[in-house]
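This is what each chain is made of:
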Amino acid sequence: MLSSHAKSSSSSRNLAGMLENGGFEGEGSGSCGGSRQQARDPRRTSLSVNSGRVIIASNHLPLRVKKSSTGEWQFEFDEDALTAQAKDGVPRSHFQEVLYVGGLPVDVEPEEQENIAIKLKDLYNCCPVYLDSAVKERFYKGFCKQQLWPLFHYVLPGSPSSSQRFNVEFWQAYVKANKCFADKIVEESLTDTEFVWIHDYHLLVLPSLLRKRFNRIRAGVFLHSPFPSSEIFRTFPKREELLRSLLNADLIGFHTFDYARHFLSCCSRMLGLEHETSRGSITIDYYGRTVGIKIMPTGVNPKRYLDGFSWDEFKWRRGELEAQFKGMTVLAGVDDMDSFKGIDLKLQAFERLLEYHAEWRGKVVLVQVTNPPRSTGHDITELHAFVTNLVASINYKYGNPSTNYVPVHYLERHVPLHERMAFYSIADCVVVTATRDGMNLVPYEYIVCRQGSDTTPCAESTVESGPRDSMLVVSEFVGCSPSLSGAIRVNPWSIDSGYNGMYAAICMPLEHRRLRHQKHWRYVSQHTVAFWAQSYLMDLVRVTRNHVTMKCYGLGLGLDTFRMVALDANFRKMEESQVAATYKSSKSRVFFLDYDGTLTAGQHTSITLAPLDEVLQVLRALTAEPLNKVVLFSGRPKAELQEWFASVPNLALVAENGCYLRLGEGQTWRSHLTPGLQVADQSWVSLVVAADFGWKKMALPILQQYQESTDGSSIEAKESALVWYYKDADPDFGSWQAKELLDHLEGVLSNKPVEIVGGSSAVEIKPQGVSKGQAVEKMLGQLYGYPAIAERRSSSSRPMGRPSSDASERRPSSSRFSMSDRGPSAGSAAVQSAASSVQGGGAEAAAQQELAAAGKGPDFVLCIGDDRSDEDMFTSIEMMRASPQMMSSEVYACTVGQKPSRAPFYLNDPGEVLHLLARLVGINLPNLPL
């Protein structure tokens, strides 16, 4: 059957326009053949449970097509197609229906397309995707076969005239074809939470196109081809488009760990995404969605082949072959005419076997079945000529006309299933010498056919009944090689390796052949195509079980930038009007503002990252309001912050992510409220008790050693911490070195009061207990005259001499804030209760007196941050909502950017943050860059 792939596309410069307008810029909708664009069904917006259906999308529908003598199209379900056999493994507990979406191997006239589509859906649950012949040609034979296929098989274009060089028109056809598939799936979808299983490299941008239409769609991709190493893949001009589209799926499947490892390496090196492993599963966190990585080779349907032993055509053909090769040792090979199948290498290895072992001449034959090529080109033409000449040379050199001995039987034609089974059943060994292959099911088919059927023995067979035997010579570069532990693995590029493998196979004792066969049969009979499909779909269900509760936002327009951000359903954009109204009615306000990335709008290219005039203007206006107290947080040193914000009076500062604190002008530290704070210099205090930084002398030489041995890494020496960065180093090597560094430091500094934290491309050593969350608690205690949470907890409930717990141990799992008000009476009662729990005199008595006098804390709290360190602030404020002083407070915790966070609100960028703050204090910022 002809191979056709129904997909297409055009420019990816405006993905939103492509999807929402039903077509691409500059492209007519006619490129998708007769695909109908129906009005959007309101049922598709349902957030209810899925319809109990899975849509399987592949380049080909599992159909056989031919024209009758009257000129009518005739269709037959193809039970040998992988996607058809996968239907048997679909878990009925979750899916009651399987719908196929794909192309036909023939071109159908436009006037026939509608009727055929209705007929195929009614009879076979198949929905055809029609493509214009020109688009189909550029899409399949152009992009898929001439560019993606070589790339995924580790081949880079050589000469400037090579057909493997990137072609923009082919790429546009590829995207256009994928869009036609997306249109058809959307047309057939009942809800926006359909399960879609996408197969192979022909549809790699389909996940992004579907995700743009249906945010909560449950999409999985299984790649049946190899995936190249990052050094190969990074050469592809549209590498980010393909990577990001794959990551817009929920589950990505590969045959082997090697292919998955290459994909993960590409994500790390090109997108900066790291994977995680947990309980045997591999995942990538991609903008709030968990993308699963599935490693599982597919299988075959043994029953299909075993049933074939009762076919009359099989019995007849097998009898013929047994008579033809009687007394011979038969090696068999079944391959496509493709430069990656290694047919030429197999023939050369067999020739060497005959050359070195004359005793096997006349006793061993190689039956090579070669399917017609699926693509054309100079390489295929050259390979075909070489193979044909080599077969003739071997037969001329080692053949014997007198005995009718022909060493190589070369069949260059399509071989039907019954004949292929007959060849397998009489072959003593199957040889696979592919130089690179995704899976290759030939060895599995051979094992099943050598096992045969116990219930339908072949009467004409001269093979003795009893234990079966088989032998495999398999290239180490094919996907099935790891699962066939009893096979003889060879390096096909080495002629000697291939020849030695063949010789070892034909000389193997019968008992060993039987043991190896039993091992392989046990694996093949259990790991069937149905088992593979069931395992994959159950993993897809598991990975997507929380999709209905997600709140999703699409970011980016082109395929190279589009990604779907998935957030908690309660996560929403902060409304300026609501915040402004609460601000206006409040009487006591406190602002906790991060600086880097939160107030630094348009500063990404700046070297100093000094604040803009607009930032200083807003901060001055905020601090000038008597009811406001403003605390600015940063990871930068004290000296820089003092210099930058010297013009902002009454601004409290927190430097080095919580280690050093400074109150505003005219304010002094009340040590009895926050005991343990150490004076650093001038008006700064340190959060570190009895600050001892002697550990830095031990740690710095270690970091310097790793810096010298890791090209691209650097060290930042802060006053309170040391940080080793490896963002600019090789991602894999940097990650290995970071793990080694963590182990090294934990051993050396095990008895020091430090925390060693591995973060995003960094390893940080900092004093224990230092965080922005702790700093928030200390600042609230100082600004409003009551002890911080840790001190109040210690005075009321901690046994004598027991150390206070770390903030991280008190962190709740919930990321939501309670915004409900509590009456003042509840707050007063809580203050009375807190006061009665404090025992003793001195500092604690003074603290008790101030606590009783304070009454309550601020009634308006605004906390804004943008990165992981700011999450500690959100956590602390959430915990403090239950304290007596803040029970009646309106708390707004906000993160910058749409991303998973403990904060319930977000603003898109620093520009929106400054506009919000400016609105609260009534100033205009016309020149602020957004």
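Residues numbered from 1 in each chain as written. Predicted model: local features only at pLDDT ≥ 70, side-chain atom pairs only at ≥ 80, totals over all residues. Heavy atoms only, no water.

Visitor: Could you give me a rundown of the sheet that holds strand β31 (residues 762-767), with the residues and numbers involved?
Guide: Sheets are built from strands that pair by backbone hydrogen bonding, the pairs being arranged parallel or antiparallel. Reading across the sheet, the four strands line up as β28-β29-β31-β30 and stay open at both edges, with antiparallel pairing between neighbours. At either end of the open sheet lies a strand with only one pairing partner, and these are β28 (714-717) and β30 (754-759). When strand polarity is set aside, the average angle formed by the axes of neighbouring strands in this sheet is 15 degrees. Across the sheet, helix α22 (residues 695-709) touches β28, β29 (722-725), β30 and β31, and the angle it forms with β29 is around 10 degrees. (Pairing = 2+ DSSP bridges. Helix = DSSP H or I, 4+ residues; strand = E, 2+ residues; numbered from the N terminus. Axes fitted to C-alpha atoms, helices over the stretch in contact; angles between N-to-C directions. Contact = heavy atoms within 4.5 Å.)

Visitor: Could you give an account of the packing of aromatic side chains, naming the residues involved and the relevant values?
Guide: In total, this model carries 37 aromatic pairs according to the counting rule given. For the ring pair Phe571 and Tyr906, a centre distance of 5.2 Å and an interplane angle of 25 degrees mean the geometry is stacked. Of this pair, Phe571 sits in the loop between β20 (563-568) and β21 (572-573) while Tyr906 sits in strand β34 (residues 905-907), and the two are 335 residues apart along the sequence. The exposure classification of Phe571 matches that of Tyr906, with both residues buried. Linked through ring pairs, Phe139, Phe143, Phe166, Trp171, Tyr174 and Phe236 together constitute an aromatic cluster. Over the aromatic face of Tyr154 sits the side chain of Arg436, whose NZ or CZ is 3.9 Å from the ring centroid. Over the aromatic face of Tyr660 sits the side chain of Lys638, whose NZ or CZ is 4.2 Å from the ring centroid. (Phe/Tyr/Trp six-rings, centres within 6.5 Å; stacked < 30°, edge-to-face > 60°. Buried < 20%, exposed > 50% of the residue type's maximum accessible area, 1.4 Å probe, protein only. Lys NZ or Arg CZ within 6 Å of the ring centre and 35° of its normal.)

Visitor: Break down unusual backbone geometry for me, citing the residues and quoting the values.
Guide: Despite not being glycine, Arg279 has its phi angle at roughly 50 degrees, a positive value. Positionally, Arg279 belongs in the loop between β10 (275-278) and β11 (281-286). Of note, Asn440 is a non-glycine position whose phi angle comes to about 70 degrees, a positive value. Inspection of the secondary structure assignment puts Asn440 in the loop between β16 (429-432) and α15 (442-451).

Visitor: Describe the pattern of salt bridges, naming the residues involved and giving the relevant values.
Guide: Tallied over the entire structure, the rule returns 42 salt bridges. Ionic pairing is found between Glu194 and Arg53, a salt bridge with its closest N-O pair at 2.6 Å. Highlighted residues: Glu194 in the loop between α5 (168-188) and β7 (195-199) and Arg53 in strand β2 (residues 53-60), separated in sequence by 141 residues. Residue Glu194 is classed as buried on the basis of its relative accessible area, which comes to 1%. Its relative accessible area of 4% is what places Arg53 among the buried residues. For Lys772, the salt bridge identified is with Asp594, shortest N-O distance 3.0 Å. With a gap of 178 residues between them, Lys772 in helix α24 (residues 772-784) and Asp594 in strand β22 (residues 589-594) connect regions that are remote in the sequence. Accessibility classification places Lys772 together with Asp594 in one group, the buried group. Counted as one network, the salt bridges with shared partners bring together Arg64, Glu76, Asp78, Glu79, Asp80 and Arg304. (Salt bridge = Lys/Arg side-chain N within 4 Å of Asp/Glu carboxyl O.)

The values reported here are purely geometric and, on their own, carry no functional implication.
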